[in-house]
Amino acid sequence: AAGSLEDVMSVDDVKLQGLALDSTGKKAAILNGELVKEGETVGRVTVKSISRNKVIIMIDEDAHELDIYGEIQ
């Protein structure tokens with residue numbers, strides 16, 4: 001995985017490390033060591049949605065599903 005989300009070139013550079021809820025109940029994901037929320041964009045990566053065990057991200061125009069258990073679809 002890339003060092004940070006700023007360095008991501010492809011889905012292979014993204015590591016889903018955890019999922020969390022903040023104090024207001026908003027969902028967040030830990031991607032490459034960075035806490036990101038739904039709708040947030042860092043570099044070329046936009047977090048489209050966060051569910052119980054997966055995150056859907058966009059890298060440029062391409063959607064990718066990251067499973068907390070390590071499967072990429």
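Up top is the structure these notes are about.
Nothing here was measured: the structure is a model prediction, and the numbers come from that model. (Residues numbered from 1 in each chain as written. Predicted model: local features only at pLDDT ≥ 70, side-chain atom pairs only at ≥ 80, totals over all residues. Heavy atoms only, no water.)

Draft legend 1. Quick look at the sheet that holds strand β2 (residues 27–31). Judged by pairing direction, the sheet is antiparallel, and its 3 strands sit side by side in the order β1-β2-β3 without closing on themselves. Looking at which strands have only one partner, the edges of the open sheet turn out to be β1 (16–21) and β3 (34–37). Within this sheet the neighbouring strands show an average axis-to-axis angle of 25°, counted without direction. Relative to β3, β2 runs antiparallel, the two sharing 4 bridges. What sits directly across from A29, in β3, is V36. (Pairing = 2+ DSSP bridges. Helix = DSSP H or I, 4+ residues; strand = E, 2+ residues; numbered from the N terminus. Axes fitted to C-alpha atoms, helices over the stretch in contact; angles between N-to-C directions.)

Draft legend 2. Representation of the nonpolar core. In terms of nonpolar packing, the biggest core is built from 16 residues, with V14, L31 and I57 touching the most fellow members. The set of elements that each furnish at least two residues to this core consists of β2, β5 (45–50) and β6 (54–59). Residues contacting V14, with those up to four places away along its chain left out, are V8, L31, N32, V45, I57, I59 and L66. (Core = buried A, V, L, I, M, F, W, Y, C linked by side-chain atoms within 4.5 Å. Buried < 20%, exposed > 50% of the residue type's maximum accessible area, 1.4 Å probe, protein only. Contact = heavy atoms within 4.5 Å.)

Draft legend 3. Structural view of the pattern of salt bridges. One pass over the full model with this rule turns up 2 salt bridges. One salt bridge connects D60 with R44, and the closest N-O pair in it is separated by 2.2 Å. On the criterion of sequence distance, the pair formed by D60 in the loop between β6 and β7 (62–67) and R44 in the loop between β4 (41–42) and β5 is long-range, its members being 16 residues apart. Using a relative accessible area of 30% as the deciding quantity, one classes R44 as partly exposed. Measuring nitrogen to oxygen at the nearest pair gives 3.7 Å for the salt bridge that ties K54 to E65. Taken together, the residues span a long stretch of sequence, with K54 in strand β6 and E65 in strand β7 at a distance of 11 residues. Classification of K54 as partly exposed rests on a relative accessible area of 29%. (Salt bridge = Lys/Arg side-chain N within 4 Å of Asp/Glu carboxyl O.)

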